[in-house]
Amino acid sequence: MSIVDTPAPGADRADLDRLDANWAERPSLRSFLTTVDHKRIGRRYLVTAAVFFALAGISALLMRTQLANPGGDLLSPEQYNQLFTMHGTAMIFLFATPMLFGFGNFLVPLMIGSRDMAFPRLNAFGYWVFLFAGIFMWASLPFGAAPNGGWFAYVPLTGGQATPGLHLDVYALGLLFLGVSTTAGAINFIVTALKMRAPGMSLNRLPLFVWAIVATAFMVIFALPALNLDNAMLFLDRRFGAGFFDPAAGGNVLLWQHLFWIFGHPDVYIIVMPGLGIVSAVLPAFTRRGVVGYPLIVLAIVAIAIISFGVWAHHMFAVGLPQVSYGFFSAASSIITIPSGIQIFAWLATMLLGRLVLRTPLLFVIGFIITFVLGGVTGAMFALTAFDQQVTDSYFVVAHFHYVLVGGAVFPILAGIYHWLPKITGRMYAERLGRWAFWLVFAGMHITFFPMHLYGLFGMPRRVYTYPAGLEWDGWNLVSTVGAYVLAVGFLVVVVGVVHAIRRGRPAPPDPWGGDTLEWSTDSPPPAYNFPVVPRVHSLHPTWDARTAESTGPGATADRVLSEGRRTPLTSELDGRYERPVEMPEASVKPLVLALALLALFVSLLFAWYPVAAAAVAVVAGTVAAWLWPGRRPEART
Amino acid sequence: MTPPGGITATTSPEALSTELPVGRSTGWWGMVLFVTTEATLFACLLGSYFYLRFQYGPQWPPGDIPDPALLRPLVMTAVLVPSSLPMLWAERGLRRGQLWRVRAGLTASMLLGLTFLALQATEYAELLTEFTLTTNAYGSLFYVITGFHGLHVLIGATMIAWALTTTRGGLDARRDDRVRNVAIYWHFVDIVWLGILFTIYLSPRL
């Protein structure tokens, strides 16, 4: 397990020049709008999701300011409803998943030794759709027309009668629009991981982070249709008078809840799973050994992905379901803690058996384990139906899912930011700033959310815009508000750290941490073609493995240099046998055009300009037809 | 090129040590996954139908809507489901590089699909006088489920027309790939119809 320096490239000067000519893009407006480079798209996902995180965070700060003392009057009830709905919706849909897809976009091709994703133009399209869908939803807020029915938007409250206006139309259409991007991204990840791996990377050598992304993508494939259907029905009910959720017309309001949580519970794992993958990717570098129990962790990932589809009704224990279903969903909800536990113990064993290097990424991983386990403990409490019915819709629930999601997604994301910042920007961050950020975020998080357990148990319901004095809630709410500001300062320090690194950081070497996966075997930041020579992989820890390193050295075979044209190898699905090189598509403006046409479609549906919508559909069809038109270049792929 | 058939072909040492699936393109995987997520969407739709039906009570369809007539949907089935056969025939032609066969097969499938849509239009023309999307939840389910499937047939027929146009310059590896993907989508649209036939037209009579 020695760490090998980056070897002399097996590609000669002429090869590198050709690769550069074929792959590199000059910075210009044109290349900005047409790029299909997974690294640029990945960076955009990260930055855009961070902006949406900031907007959702500011919404939360406004709400905490309102709730600091009893009888707060900073916000009107209408404003408060829109803010808490946008906070939840944006954190779940516009921050967590896209942020983790951003890491996936940047890292998956690098980790598996490919030169791009399987469908680079689809990838660019996915980003533009995400950006436009996010703007579509946030733009409603200044007009006072933002969604206001909570992030899970239960009918009949969200029906046309109880909530007239555009609010919930923005919600339904915005999420349908965003669903296009998420589905496209998920398909892209699966196909990339199946077909684009470097030769020799059989499935049992696939990095854990990529396993997590693939499992997430499969959950998206099977879970997102339920949400899309739900939102389509809501829109049809509200706009065209359909009767899906209207009991007077023979519909049923519980249909919304079932479909929503058939999506919604897998979605918890869709958010957390890539976070767990980041933890498994960060640990080897900072414990100086491979993660303990690789096959067990892979099995746990797959098991979670499957069982997560059998627990949805535990979100509905308080609505009056048949008794039998309580038993089933209670049992399933308890069983799913086992594979989660396996992963936690595997990480603890890794830290116990390794030699800890206490840098900022590892601090965030430790913060993750503490916070996430606390959230898991309250989660196991909810699996008991009787307890669940006592605390449902109280601040105890708010405390629980912030421990799970801040613990399970935000901490790993922060660990990932510090861990891969040198790879993404080519600059090192300042360690002291990183430590400050960790302690502020960690302290702020617990000061904010721990008291919520208490005043939840004391009976404070969630989603109230204010409360009277003398209910034993006052002091604890003030503590939460102070914590929220500490948390905000912590995030500000993270931003300062990132900007400081980009502006002033010292240049990063290819492998500053001694990591084990392939992204550390190429330059920081990687060249446009990622790898001068596509490596031949010989172990689970290719960068620690001398034979893999030698495979890119002198004597590398021409079928892995591929310097003519934009080419990368295709390999077989299971064993990663070399199949054939494929030509990758070049930059194109069509993804942007298609996304703009979809934006026009959704905006015109929102404002009921149906002729414009019809025209937009025609543009969509025409663009897809032109996009997929087989040109005369031999063997290009879309 | 084609291996000899029979049991020896599948049990030879070479066949046993060959990893399966073999030689699937990224486009093939992309289409299969897309169809998978679409199939899940249809499953959710049909699941919603049964959920609303069994939560509603004994009388279904509700109100004075009669059980759906069977003759026309069965004719529509007889038109749409066999439309996969010329498509399969065209796919075999693809393997042998027979352009005429690919074109003839695609055209036949497309025409059968358009016939299906015409029959659906006559069905709608009749039923819309009895109940509409807004009459009740049954009306909403009926028109959204059948309409969504009809939209898929329309998209499928458009895709076939597009694929036919791409073959104007002859066949090559990339055009083959497009035709194969269109075929996957078309088979999917056919198979889903059987689920809809059972749910919408047959299940109320059970």
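Residues numbered from 1 in each chain as written. Chains lettered and ligands numbered in written order. Predicted model: local features only at pLDDT ≥ 70, side-chain atom pairs only at ≥ 80, totals over all residues.

## Focus on the overall build of chain A
Here is the rule we go by: Going along the chain from the N terminus, every DSSP run of H or I of four or more residues is numbered as a helix, and every run of E of two or more is numbered as a strand. Two things to know: the radius of gyration comes from C-alpha atoms, and the globule rule equals 2.2 Å times the number of residues to the power 0.38. We call two residues in contact when the distance between their C-beta atoms, placed using the backbone, is within 7 Å.
A count of helical and extended segments in chain A gives 20 helices and two strands. Compactness check: chain A gives a C-alpha radius of gyration of 25 Å against a globular reference of 26 Å for 638 residues, within 12% of the reference. Judged by the C-alpha coordinates and their principal axes, chain A covers about 75 × 60 × 50 Å. For chain A, long-range pairs separated by at least 24 residues make up 81% of all intrachain contacts whose partners lie at least 6 apart in sequence.

## Some points on the overall build of chain B
For clarity, the cut-off: Buried, partly exposed and exposed are defined by the number of other C-beta atoms within 10 Å of a residue's own C-beta, namely 20 or more, between the two limits, and 12 or fewer respectively, with C-beta atoms placed from the backbone.
Counting its secondary structure elements, chain B contains eight helices and zero strands. For chain B, the α and β elements follow one another from N to C terminus as α-α-α-α-α-α-α-α. Over its C-alpha atoms, taken along the principal directions, chain B stretches across nearly 65 × 40 × 30 Å. Out of the 206 residues belonging to chain B, those deemed buried represent 33%. Summarising the internal contacts of chain B: among those between residues at least 6 apart in sequence, 78% fall at separations of at least 24.

## Side note on the packing of helix α4 (residues 77-111) of chain A against helix α7 (residues 208-240) of chain A
Residue and element names in this part refer to chain A. We apply this condition: Fitted lines through C-alpha atoms serve as axes, helices being fitted only where they are in contact, and the angles separating the N-to-C directions of these axes extend from 0 to 180 degrees. Should an angle fall under 35 degrees it is called roughly parallel, over 145 degrees roughly antiparallel, and 65 to 115 degrees roughly perpendicular, with every other angle called oblique. Crossings are assigned a handedness: left-handed for a near helix turned anticlockwise from the far helix by less than a right angle, right-handed for a clockwise turn. Charged residues are taken to be Asp, Glu, Lys and Arg, nonpolar residues to be Ala, Val, Leu, Ile, Met, Phe, Trp, Tyr, Cys and Pro, and polar residues to be all remaining types, Gly included.
Axis separation between α4 and α7 bottoms out at 10 Å; the angle between their running directions is 125°. As judged from the angle between their axes, α4 and α7 are oblique. Crossing hand, α4 versus α7: left-handed. Touching G104, L107, V108 and M111 of α4 are F209, V210 and I213, all from α7. Among the residues making up the contact of α4 with α7, the classes are represented as six nonpolar, one polar and no charged.

## Description of the nonpolar core
All names here are of chain A. The following threshold applies: Buried Ala, Val, Leu, Ile, Met, Phe, Trp, Tyr and Cys residues whose C-beta atoms connect them within 7 Å together make up a nonpolar core.
Counting residues in each nonpolar core, the largest one holds 239 residues, and the members touching the most others are F95, V129, I190, V210, V214, L414 and A415. Counting residues per element, this core draws most heavily on α7, at 23 residues. Residues within four places of V210 in sequence aside, it is in contact with V108, M111, I112 and A193.

## As for the pairing of strand β2 (residues 578-583) of chain A
On a regular strand, one side chain projects to one face of the sheet and the next to the other, so that they alternate. Residue and element names in this part refer to chain A. Cut-off, in case you're wondering: Strands are labelled as partners when DSSP assigns at least two bridges between them.
Note that strand β1 (residues 567-571) and β2 share five bridges and pair antiparallel. The partner of R567 across the bridge, within β2, is E583. If you look at the hairpin formed by β1 and β2, you'll find six residues sitting between the two strands, and G576 has a positive phi there, around 65°.

## Overview of unusual backbone geometry
Residue P525 of chain A follows S524 of chain A across a cis peptide bond; omega there is -15°. Looking at the element boundaries, P525 of chain A is found in the loop between α16 (474-504) and α17 (546-550). For the peptide bond that leads from W60 of chain B to P61 of chain B, omega is 0°, which places it in the cis range. Residue position: P61 of chain B is located in the loop between α3 (26-56) and α4 (71-80). One non-glycine residue, A153 of chain A, lies in positive phi territory at about 45°. Mapping A153 of chain A onto the fold places it in the loop between α5 (120-138) and α6 (167-195). Judged by local crowding, A153 of chain A falls into the buried class, with 24 C-beta atoms found within 10 Å. Even without a glycine there, the phi angle at N530 of chain A is positive, about 65°. The exposure class assigned to N530 of chain A is buried, which follows from the 23 C-beta atoms found within 10 Å.

## As for helix α14 (residues 395-425) of chain A
Residue and element names in this part refer to chain A. Just so we agree on the cut-off: Across the chain, bend at a residue is computed as the angle between axes fitted to the seven residues ending at that point and the seven starting from it.
Along α14, the sharpest change in direction is near 45° and occurs at H419; proline P422 comes one to four residues later. Among the 31 residues that make up α14, 29 are buried, leaving the element largely enclosed by the rest of the structure. Count one or two residues on from α14 and you reach G426, which has phi positive near 80°.

## Looking at the interface of chain A and chain B
Every contact between the two is made by 40 residues of chain A and, on the other side, 34 residues of chain B. Elements with a minimum of two residues in the side of chain A that touches chain B: α6, α7 and α8 (253-287) of chain A. Of the residues forming the side of chain A that touches chain B, the biggest block, eight residues, is contributed by α7 of chain A.

## Looking at the confidence of the model for chain A
How we decide: A residue's pLDDT is simply how confident the predictor is in it, with values from 0 to 100.
Chain-level pLDDT for chain A is 93 on average; 97% of the residues reach the 70-or-more range. A low-confidence stretch, residues 1-8 of chain A stays under pLDDT 50, and its non-local contacts, those more than four residues away or across chains, total 14 contacts.

## Here's the deal with the confidence of the model for chain B
All names here are of chain B. For chain B, the mean per-residue pLDDT works out to 91, and 96% of the residues sit at or above 70. The lowest-confidence element of chain B is helix α1 (residues 7-11), averaging 70 in pLDDT; the highest-confidence one is α4, averaging 97. We note a pTM of 0.94 for the whole complex and an ipTM of 0.93 for its interfaces.

## A few points about the environment of S114 of chain A
All names here are of chain A. Here S114 lies in the loop between α4 and α5. A sequence separation of 417 residues divides S114 from F531, and the C-alpha atoms of the two residues are 7.7 Å apart. S114 has contacts with P109, T192, M196, R197, A198 and T568, leaving out every residue within four places of it along the chain.

## A word on the packing of helix α5 (residues 84-96) of chain B against helix α8 (residues 173-202) of chain B
Residue and element names in this part refer to chain B. At their nearest, the axes of α5 and α8 sit 10 Å apart, and the two run at 160° to each other. Accordingly, the angle class assigned to the pair α5 and α8 is roughly antiparallel. You can see that α5 and α8 cross each other, and the crossing is left-handed. Taken together, the residues of α8 that come into contact with α5 (itself represented by S84, M87, E91 and L94) are D176, V179, R180, A183, W186, H187 and D190. For the contact of α5 with α8, the class distribution of residues is five nonpolar, two polar and four charged.

## Quick word on the environment of A556 of chain A
Residue and element names in this part refer to chain A. Along the polypeptide, A556 turns up in the loop between α17 and α18 (558-561). A556 sits 396 residues away from G160 along the chain, and the two C-alpha atoms are 65 Å apart. Not counting the four nearest positions on each side in its chain, A556 is found in contact with G10, A11, V533, S551 and V561.

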